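# Working through the structure, step by step
Here's the letter readout for the chains.
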Amino acid sequence: MYDIALPEGNEEELAKKYLENGIKNVVFAYFIRDKNDLEKFLLSNLFRYSGLNIFYLAIVDSKRDLLKLILDLFYSEKYYNDLVFIKFNRNKSNVLNKYFYNGIYLKEIISDDRSIIKNLNIKSLYKIKRNKQSVLLSLKDSLENPYAFKYLIEVMQKKDVMFLFGSFASDKSEVPNKFSIKSFYKVFGIKYRIKVIDDFLFYQIKRTRIAKNKLYFMDGYYIVKMPYEDCSEY
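Residues numbered from 1 in each chain as written. Predicted model: local features only at pLDDT ≥ 70, side-chain atom pairs only at ≥ 80, totals over all residues. Heavy atoms only, no water.

Here we take up the pairing of strand β4 (residues 83-87). Burial within β4 is extensive, with four of its five residues counted as buried. Where strand β3 (residues 53-60) meets β4, four bridges bridge the pair, whose relative direction is parallel. From the neighbouring strand, Leu57 faces β4, where its bridge partner is Leu83. Following the backbone out of β3, through helix α2 (residues 66-75) and into the adjacent parallel β4, one traces a crossover that is right-handed. Taken together, the three bridges between β4 and strand β5 (residues 103-105) define a ladder with parallel strand orientation. Note on β5: the bridge partner recorded for Lys87 is Tyr105. (Buried < 20%, exposed > 50% of the residue type's maximum accessible area, 1.4 Å probe, protein only. Helix = DSSP H or I, 4+ residues; strand = E, 2+ residues; numbered from the N terminus. Pairing = 2+ DSSP bridges. Right-handed = clockwise from strand over helix to strand, strands pointing away.)

And the structure:
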């Protein structure tokens, strides 16, 4: 079982609370808006806490150099992030044709009275599924419009599209325990078993780590067929 947190300089406080609550797999998410923010993922800047498995998620929210930022985060051995997501809106729909990231972060869901989602269509969901990527959802965001989030989750499950769901806790009072996480799944009608989503999280982490590890390209013992094998991005 895992959760996703959104630290605000209080990593140690959050880590201590997660350990108290019995959650040992924690993803720390950070918004990346320009190249200066990439320094968060330098090895010397990474936060560690005994007893926790901490992973690092970059959510790229940039109007300029978007592709350059996600390329660096996905391929560069210099940065030790485990996941790369893009804050999505319809103006960025062209990025769904790319492979070198793990999925999209959907902060809000725009829908009408007929439960039609306007900012993420079925065609986009199929691209995410084809690329073996996922949709990242936040409990904090979902509380603004829970019915729209629940409807999107229902659609994604019907279309067999994977998603990752976390509390996005920024304060220790928001850190969930195992029972809270199970209740999230029940309230939002998530039918995927927790283990299935956990396994998909680690599959995405492995994708990023393979992309960063040049030995997978150079070592004669490895012949790896990559998910972005056509290299069309170059």
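In this section: the sheet that holds strand β6 (residues 134-138). With parallel pairing, the seven strands of this open sheet are ordered in space as β1-β2-β3-β4-β5-β6-β7. Whereas interior strands pair on both sides, the edge strands pair on one side only; in this sheet they are β1 (2-5) and β7 (163-166). Geometrically, the sheet is characterised by an average inter-axis angle of 30 degrees between neighbouring strands, direction not taken into account. Along the sheet face, helix α1 (residues 11-20) touches β1 and β2 (25-32) and points at about 155 degrees away from the line of β2. (Axes fitted to C-alpha atoms, helices over the stretch in contact; angles between N-to-C directions. Contact = heavy atoms within 4.5 Å.)

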